[in-house]
6 protein chains.
Amino acid sequence: MTSIPGIPAAAQSTRLAHLDAHTYRDWAVGEHSTVLLPAGAFEQHGPHLPLGTDAILSTAIAEAVGSRIGAKVAEPLSYGYKSQQKSGGGDHLPGTVSLDAAALIGQARCIMAGFLAQGIRNLVVLNGHYENYQFLYEAADLALADAGAGHGHGPQPTVLLLSYWDYVTEGTLATVYPDGFPGWGIEHGGVLETSLMLHLRPELVALDRAVSHPPAALPRFDRLPVVASRTPDTGCLSAPDGSDERKGALLFEQVTAELSGDVATELGLPG
Amino acid sequence: MTSIPGIPAAAQSTRLAHLDAHTYRDWAVGEHSTVLLPAGAFEQHGPHLPLGTDAILSTAIAEAVGSRIGAKVAEPLSYGYKSQQKSGGGDHLPGTVSLDAAALIGQARCIMAGFLAQGIRNLVVLNGHYENYQFLYEAADLALADAGAGHGHGPQPTVLLLSYWDYVTEGTLATVYPDGFPGWGIEHGGVLETSLMLHLRPELVALDRAVSHPPAALPRFDRLPVVASRTPDTGCLSAPDGSDERKGALLFEQVTAELSGDVATELGLPG
Amino acid sequence: MTSIPGIPAAAQSTRLAHLDAHTYRDWAVGEHSTVLLPAGAFEQHGPHLPLGTDAILSTAIAEAVGSRIGAKVAEPLSYGYKSQQKSGGGDHLPGTVSLDAAALIGQARCIMAGFLAQGIRNLVVLNGHYENYQFLYEAADLALADAGAGHGHGPQPTVLLLSYWDYVTEGTLATVYPDGFPGWGIEHGGVLETSLMLHLRPELVALDRAVSHPPAALPRFDRLPVVASRTPDTGCLSAPDGSDERKGALLFEQVTAELSGDVATELGLPG
Amino acid sequence: MTSIPGIPAAAQSTRLAHLDAHTYRDWAVGEHSTVLLPAGAFEQHGPHLPLGTDAILSTAIAEAVGSRIGAKVAEPLSYGYKSQQKSGGGDHLPGTVSLDAAALIGQARCIMAGFLAQGIRNLVVLNGHYENYQFLYEAADLALADAGAGHGHGPQPTVLLLSYWDYVTEGTLATVYPDGFPGWGIEHGGVLETSLMLHLRPELVALDRAVSHPPAALPRFDRLPVVASRTPDTGCLSAPDGSDERKGALLFEQVTAELSGDVATELGLPG
Amino acid sequence: MTSIPGIPAAAQSTRLAHLDAHTYRDWAVGEHSTVLLPAGAFEQHGPHLPLGTDAILSTAIAEAVGSRIGAKVAEPLSYGYKSQQKSGGGDHLPGTVSLDAAALIGQARCIMAGFLAQGIRNLVVLNGHYENYQFLYEAADLALADAGAGHGHGPQPTVLLLSYWDYVTEGTLATVYPDGFPGWGIEHGGVLETSLMLHLRPELVALDRAVSHPPAALPRFDRLPVVASRTPDTGCLSAPDGSDERKGALLFEQVTAELSGDVATELGLPG
Amino acid sequence: MTSIPGIPAAAQSTRLAHLDAHTYRDWAVGEHSTVLLPAGAFEQHGPHLPLGTDAILSTAIAEAVGSRIGAKVAEPLSYGYKSQQKSGGGDHLPGTVSLDAAALIGQARCIMAGFLAQGIRNLVVLNGHYENYQFLYEAADLALADAGAGHGHGPQPTVLLLSYWDYVTEGTLATVYPDGFPGWGIEHGGVLETSLMLHLRPELVALDRAVSHPPAALPRFDRLPVVASRTPDTGCLSAPDGSDERKGALLFEQVTAELSGDVATELGLPG
């Protein structure tokens, strides 16, 4: 976002937490006021990626999207729903600290209802942790009811909920996984997340600590308590072999462009 | 924190979210593993301070304390309990998005119970938003019960809960408020928070937008719904007149030193 | 299940609700006692399928699996989580009566914890309504905690959670959808459910009321409140064109065989 | 219900789960749309009656009432509140799997609120498990509040809540218990339930396994934890001695007639 | 209770709230420490009885029982579950302020669990408001689970739950209602409660304001929202005609004697 | 309150529980109907004060205030939030039986919402237990939302929340603590509470059992689980040395006068 002369730098931030209240107030009543709420997790991502990977990625994408479409980014949900073995290795692994369903729904509901009560027109929840999705959906549904959506005569607020990986195109996948895409199910600590982190926060990636191993072979059911040995020792469901910054840049640019366009069109945001 | 040769930079971070899972695992089982959990709010702080002030301050203090005592800082609670008129101007003001009691308790409880379940010995909740305190207390009490504290034969986990302003000394107050300390009740958006922000995040302070006005005169009761006119138009309960970076530095250094010493002594942490 | 001479018919049922308490008691303490819990919904499935389709299908599959592996079937969860537009057309449609997250989790948790408290060794939750899955997962996790799983020295109970469509093979899909499988996302009221119902409960299918229409084109996000016009007028996300009893029989036989084998192997059930 | 020519059989069902969504939609908006919601339990009923007895009976009565008064029957609540020693023998007995108060209230509230939100005019909750009653009352009260009952200008929805045994007349009791009625308190697994089951589902009754014993002598208080020896070994509070199909038929006919008349009159349903 | 020389008067109280903490501590660890917890309501009782009638009566009975059996009386639950039309006239009537199920269960559970955690051996919940009973039962069940009842090797705590009117004998009824007992269902503001209040708290009874009217004729179902006209204008379900102090004395003496004996025997309390 | 001829004594009570329903009804619809809700605790107060001290004091103050300003007093909240070491010695001490946050909020919310639903204009929550305050605030906020405050055109209800000690003036403190006020933090079982009790309920004070000891030296943080030795053996945080009835009378008169005036002015009550 380029600096606008005469307006203090902080007031031009895409990050809502950096705005002062009066700037916020003026912005919020605008016809197109849109808040992006990134959701992540505090979850092990193997020996080479940081615990905060999911929130770091969803927040970075949200900030890029916000810059493109003139939306503001709320503070992320830094803790997510329990890691499941088939998508995140399991909640038993060191480094994973999770919310239960009630806590995640309660937190997200209050935040969404709070923004809606302040007249924000559009909320876009940008999810970066697979396990969160259904609980965020419930939170959105309850928050809209709290806000009285569907009643009254004024303009109705809108909530969009999405996971950023649903915006990766086939073309991008072909480039990122030249030997064939192994499937979203085991993309935990693998090439996609590692490449994105190498592009966005290389100082937090210890690629020399990464371990090569075959992808996890996981059953069609969830089993609880988990059979720990089904998760590879690294905690990753597939190895980050072949990750690089260039793939990360491609993923990031493609996803933020696609996502920005989709959201702006849906919400009728100006250019 | 100075860099330790041979260990990746990220692994030396005080920020837990920047650690990889294996580094975390090795650290967590240590005899003195201590997690600092900063709590803030997303709350109007007048025309000159950012909405995220409370979490920014508690996180910055936590990071400084962590560096001093060898503790790690968890991702902050970025949203807090409803702003009350007598301490934060009121929950009706634009820019304030809050959690209700159940959501705040639920979130904090899960996070604390999660760290305790992973064998963390000590949790220190470092509060930066007055209204949070009792709900964080409840969360800590429930999390300890979840973790089975009081049962079994192993070492028992400990939770400390504190608000950083309780570590400001009389001497510091005398310097920061040369005309007399007006009381904690109206220190919202005032000299203490503004000076700390000028020291820590000057780019987020728009001192030229600050407005001088008499301190709020508030009743001995809370009234709901609030009488909005009792909060000054700025949203601050006292004006930031006389704030400067030097006062901020003094506050920050004094509080982090005092707080570090107190916590380290209480928890028996090494030097 | 063939009748065993000398044992009353009801006592040989796969349906737990048909057992008397003393027969149940003797069975429950067995080394391999396994309860199948079908989960469905009360949800519109267009003009040609009954509202109870999801529970009817998951219960029928559970009964077939139970017969094969010697497990018993508990009364189904007949009401499910809110229908989402991208998998069920939306919760606003007439005929859909749903549970919210708390109610579904609470119900499933109590039932699972109740069976575990009675010494049942294995619980298999057999889901037939996409939207339920994550809430059933939370319920299973909480129920195991209620039952003290992970503590004590006795044999540990196991919970498996699965959706029956994850057991449809590529080969079956090729036969059922000779023109190409359109994807699970829009399999609501379509060929799979209709064919299965034609096989299992033809008297409840009004194929002459079915309407042909193109598959729904749905966005990559969930939007709330939904844009109603995105769901086809029938309420189905794809038309049941080409459904027949033979496809239903194939699906049913293949899935129950595959699922039975997988579960029996995982749980170490005899023969 | 006799078949109506030209309308598919399923669409004529009294069972809502068997209707298709479009038939439901047309029916629901009618001036007299009435849903019967049977509530039961999954509870031991001795060695001669099935675990599902309570839901089987309340559902059978609901279907008969529905046929008489043109109402439809929703899927039953198959799990009920904890069995109490003085009415069901106690929740500790094998075969009894119960919901706690929050789960039962939550489930019933969502279902009722869902039907009311769809414009259903009348809900009749037909209880078949003594312990459920007060929790169903709470659910009904909350569901009406959810539905905004008491506000607005349209027709107001009505909920009736009843237990079927309150419709057994003195005359019927005299015939069923020629030696004197021992009281409702110990009618668990006794003559009433056994006779009704012999009439309705004889294949699920193993009368040869029934045991004769004196009625339970229970105190005026509830004690928790229960003194297990106060419940007879069978689990029944009174023996089914003297049960027969004829008594069951009498009970069933008398109760469904009385109940149908009462409900139709109260709700102003057409003859 | 006669005064014991050398022990301060307050320490001899049956009312726990009047004990000092050290006297309580010594008493609580005794082998037979028994706490009576009266439960009432804040509910209209017509024009002649006070709103607090239910708690006044259950507390008075508890104090008399406590004196007889050496038990102590905890502060009463002064607010009860929603008044139902068939037992209390309905929750819509002026003067009735009620708890919902969750609030009543939560409050009673915490209090019971608190006493059990302090080593109290026996809890007797003495109910005086019909609608409370099932919610108090749930609270007792949950509190025992909280207290770990059923685990460990020490003496197990016991909870008894009862309503005082279940201790009125046939003989007493014959005297109190010489023209025949009209049934417990309509004993709200009637002869039993009025006579008891005339005996125990005559200054709170305005018998000259009592109105004579026929007993309420109420249906076999509960209807919500209530048809207000079914409750007599007074709010009483039967008129207090014929109430007098002598009947109140008889009821009080008979019930407290019977109840004391029953409880003392059950709990093995000394003579 | 002097007796008014022609109106029954009970109807003139300040205690709502002593009113009959018809008197209540007429009073509640008045333009200035104001209910005072005292909140206390069941908490150890050392060897010389009764366990019910907090509720006794807040109720006595409420009754005096009610007499002065024509308000009525609801039944007190007799159980409070968990005792914290820094204000009440800690929840582990014998004699302390507490509510958790959810139970206290739930109870207070229902009671407040109930009064507001009956048309009461003003609610004044008069707190006597430090730990309660924030939970009562949450309850008030939720109750106002339940009551639809802020919507509609009628007069809006008001809730005031206060702790009585905030009305003690500097002048009074100087008299009560001639050697200097030690601070509110350790006023538990000390001179203020003891003197008030000597004035109001001398028969419940065993001053000869009081123990002299230095005030507790407590840290700036809360620690959980508490280090029990930080609380003096008596359970009091400061000794009651120097308490007397005269100080109690002064405190009582000054506080009730000040509080009555403040509340009457704020609410616009007559005279």
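Remember, it's a predicted structure, so these values are computed and weren't measured experimentally. (Residues numbered from 1 in each chain as written. Chains lettered and ligands numbered in written order. Predicted model: local features only at pLDDT ≥ 70, side-chain atom pairs only at ≥ 80, totals over all residues. Heavy atoms only, no water.)

## Regarding the overall build of chain A
When helices and strands are counted, chain A shows 8 helices and 5 strands. A globule of 271 residues ought to have a C-alpha radius of gyration of about 18 Å, and chain A, at 19 Å, matches this closely. Taking the principal axes of its C-alpha atoms as reference, chain A extends roughly 55 × 40 × 30 Å. Taking all 271 residues of chain A together, 66% fall into the buried category. Within chain A, contacts between residues at least 6 apart in sequence are counted, and of these 78% link residues at least 24 apart. When the accessible surface of chain A is summed, it comes to about 9,000 Å², and 55% of that surface belongs to carbon and sulfur atoms. Taking the 15 positively charged and 29 negatively charged side chains of chain A as two groups, their mean positions are separated by 3 Å. (Helix = DSSP H or I, 4+ residues; strand = E, 2+ residues; numbered from the N terminus. Rg over C-alpha atoms; globule rule 2.2 N^0.38 Å. Buried < 20%, exposed > 50% of the residue type's maximum accessible area, 1.4 Å probe, protein only. Contact = heavy atoms within 4.5 Å. Areas by Shrake-Rupley, 256 points an atom, 1.4 Å probe, with all protein chains shown as cover. Lys, Arg positive; Asp, Glu negative; His and termini not counted. Charge placed at Lys NZ, Arg CZ, Asp CG, Glu CD.)

## Examining the pattern of salt bridges
With the rule as written, the count across this model stands at 84 salt bridges over all chains. The partner of D:Arg68 in a salt bridge is D:Glu253, with the nearest N and O atoms 3.8 Å apart. Of this pair, D:Arg68 sits in helix H2 (residues 53-69) while D:Glu253 is found in helix H8 (residues 245-267), placing the two residues 185 residues apart along the sequence. Residue classification places D:Arg68 among the partly exposed residues on the basis of a relative accessible area of 44%. According to the relative accessible area criterion, D:Glu253 is partly exposed, its value standing at 40%. A salt bridge links F:Glu203 to F:Arg201, with the shortest nitrogen-to-oxygen separation between them at 2.9 Å. F:Glu203 gets classed as partly exposed once you look at its relative accessible area, which sits at 46%. (Salt bridge = Lys/Arg side-chain N within 4 Å of Asp/Glu carboxyl O.)

## Quick word on the relation of the copies chain B and chain F
To go from the first copy of the chain to the second, apply a rotation about an axis and then a shift along the same axis. Rotating chain B by 180° and translating it 0.0 Å along the rotation axis places it on chain F, where the RMSD comes to 0.0 Å. On this basis, the relationship between the two copies can be described by a two-fold rotation axis. For chain B, the smallest separation between a C-alpha atom and the rotation axis is recorded for B:Gln134, amounting to 3.3 Å. (Least-squares fit on C-alpha atoms with pLDDT ≥ 70 in both.)

## What to know about the relation of the copies chain E and chain F
Of the transformation placing chain E onto chain F, the axial shift is 0.0 Å and the rotation is 180°, giving an RMSD of 0.0 Å. The share of interface residues of chain E whose copies in chain F are also at the interface is 100%, consistent with both copies meeting through the same surface.

## What to know about helix H1 (residues 21-28) of chain A
Residue and element names in this part refer to chain A. Counted residue by residue, H1 has 6 buried out of 8 residues, so it is predominantly covered. For H1, every residue scored as buried is listed here: Ala 21, His 22, Thr 23, Tyr 24, Trp 27 and Ala 28. Looking at the buried residues of H1, the elements they touch are strand S1 (34-39), strand S2 (72-73) and helix H4 (101-117). For H1, the N-terminal capping position is held by Asp 20, with its side-chain oxygen 2.9 Å away from the main-chain nitrogen of His 22. (Polar contact = N/O pair within 3.5 Å; in protein donor to acceptor, adjacent residues only side chain to side chain.)

## Overview of the side chain of D:Glu266
Residue placement: D:Glu266 occurs in helix H8. Assessed through its relative accessible area of 17%, D:Glu266 is described here as buried. A distance of 2.6 Å separates polar atoms of two side chains, one belonging to D:Glu266 and the other to E:Arg230. If sequence neighbours within four positions are ignored, D:Glu266 has contacts with D:Leu160, E:Phe221, E:Arg223, E:Val227 and E:Arg230.

## Here we look at the nonpolar core
One finds A:Phe115, B:Phe115, C:Phe115, D:Phe115, E:Phe115 and F:Phe115 to be the most contacted residues of the largest nonpolar core, which totals 269 residues. Residues contacting E:Phe115, with those up to four places away along its chain left out, are E:Leu16, E:Tyr24, E:Val35, E:Ala74, E:Ile120, E:Leu123, F:Phe42 and F:Val97. (Core = buried A, V, L, I, M, F, W, Y, C linked by side-chain atoms within 4.5 Å.)

## Quick notes on the arrangement of the chains
Structurally, chain B and chain E remain out of contact, their C-alpha atoms never closer than 10 Å. Spatially, chain A is disjoint from chain F: no contact exists, and the shortest C-alpha separation is 10 Å.

## Re the sheet that holds strand S3 (residues 122-127) of chain B
With mixed pairing, 5 strands are arranged side by side in an open sheet as S2(B)-S1(B)-S3(B)-S4(B)-S5(F). Two strands in the sheet have a free side with no partner beyond their single neighbour: strand S2 (72-73) of chain B together with strand S5 (222-224) of chain F. Bridge count between strand S4 (residues 158-163) of chain B and S5(F): 3 bridges; the pairing is antiparallel. Looking at the pairing, B:Leu161 lines up with F:Asp222 of S5(F). (Pairing = 2+ DSSP bridges.)

## Focus: the interface of chain B and chain F
With 36 residues of chain B at the interface, the matching set in chain F holds 36 residues. Summing both partners gives a buried area of about 3,500 Å² for chain B against chain F, and 48% of it is carried by carbon and sulfur. When the buried surface of chain B facing chain F is broken down by residue, B:Tyr137, B:Arg220 and B:Leu224 rank first, second and third, together holding 23% of it. Along the contact surface separating chain B from chain F lie 12 salt bridges. Salt-bridge contacts for F:Glu266 lead to B:Arg230; the nearest nitrogen and oxygen are separated by 2.6 Å. (Buried area = accessible area lost by both parts, 1.4 Å probe.)

## Points about the pairing of strand S1 (residues 34-39) of chain E
All names here are of chain E. Where burial is concerned, most of S1 is hidden: 6 out of the 6 residues are buried. Here S1 runs beside strand S2 (residues 72-73); their pairing, made up of 2 bridges, is parallel. Paired with Val 35 across the two strands is Lys 72, which belongs to S2. Where the polypeptide runs from S1 across helix H2 (residues 53-69) and back to S2, its parallel neighbour, the crossover connection is right-handed. (Right-handed = clockwise from strand over helix to strand, strands pointing away.)

## Thoughts on the interface of chain E and chain F
Taken together, the contact pairs 49 residues of chain E with 49 residues of chain F. Summed over both sides, the interface of chain E with chain F buries roughly 3,700 Å², with 66% coming from carbon and sulfur. On inspection of chain E and its partner chain F, the count reaches 2 salt bridges. Across the salt bridge formed by F:Arg209 and E:Asp20, the nearest N and O atoms sit 3.0 Å from each other. At the boundary of chain E with chain F, the tally comes to 22 residue pairs in polar contact (both at pLDDT 80 or more). Of all the secondary structure elements, the ones that give two or more residues to the side of chain E that touches chain F are helix H1 (21-28) and helix H4 (101-117) of chain E. It is H4(E) that contributes the most residues to the side of chain E that touches chain F, 7 residues altogether.

## Observations concerning the packing of aromatic side chains
Remark: the centre distance and the inter-plane angle together describe each pair of aromatic rings, the angle taken between the planes. Under the defined criterion, the tally for this structure stands at 51 aromatic pairs over all chains. Note on C:Tyr24 and C:Trp27: the rings are 6.1 Å apart at their centroids and 55° apart in plane angle, and the pair reads as tilted. Taken together, the positions of C:Tyr24 and C:Trp27, both in helix H1 (residues 21-28) and 3 residues apart, correspond to about one turn of that helix. Accessibility assignment for this pair places C:Tyr24 and C:Trp27 in one class, buried. When the centroid spacing of 5.2 Å and the interplanar angle of 70° are considered together, the rings of C:Tyr164 and C:Trp165 count as edge-to-face. Note on accessibility: C:Tyr164 and C:Trp165 belong to one class, buried. If you follow B:Lys72 out to its NZ or CZ, it ends over the ring of B:Trp27, 6.0 Å from the centre. (Phe/Tyr/Trp six-rings, centres within 6.5 Å; stacked < 30°, edge-to-face > 60°. Lys NZ or Arg CZ within 6 Å of the ring centre and 35° of its normal.)

## A closer look at the pairing of strand S1 (residues 34-39) of chain C
All names here are of chain C. Across the two faces of S1 the burial is the same, with Thr 34, Leu 36 and Pro 38 and Val 35, Leu 37 and Ala 39 all buried. By the bridge criterion, 6 bridges tie S1 to strand S3 (residues 122-127) in an arrangement that is parallel. Note on S3: the bridge partner recorded for Val 35 is Leu 123.

## With respect to the sheet that holds strand S5 (residues 222-224) of chain D
Pairing within the open sheet is mixed, and its 5 strands lie in the order S5(D)-S4(E)-S3(E)-S1(E)-S2(E). Edge positions in the sheet fall to S5 of chain D together with S2 of chain E, since each of these pairs with one other strand and no more. In the packing of H4(E) onto the sheet, contacts are made with S1, strand S3 (122-127) and strand S4 (158-163) of chain E, and the angle to S3(E) comes to roughly 155°. Along the sheet, helix H5 (residues 133-146) of chain E makes contact with S5 of chain D together with S1, S3 and S4 of chain E, crossing S4(E) at roughly 180°. (Axes fitted to C-alpha atoms, helices over the stretch in contact; angles between N-to-C directions.)

## With respect to the confidence of the model for chain A
Taken as a whole, chain A shows an average pLDDT of 94; of its residues, 94% reach a score of 70 or greater. Overall fold confidence for the complex sits at a pTM of 0.97, while the interface term, ipTM, reaches 0.96. (pLDDT = per-residue confidence, 0-100.)

## A closer look at helix H4 (residues 101-117) of chain B
All names here are of chain B. Under the 1.5 Å per step criterion, the end-to-end length of H4 is 24 Å for 17 residues, consistent within 8% with the ideal 24 Å. Taken across its 17 residues, H4 has 14 buried, putting it largely inside the fold. Where H4 terminates, the next one or two residues include Gly 119, which has phi positive at roughly 90°. (Expected span 1.5 Å × (residues − 1).)

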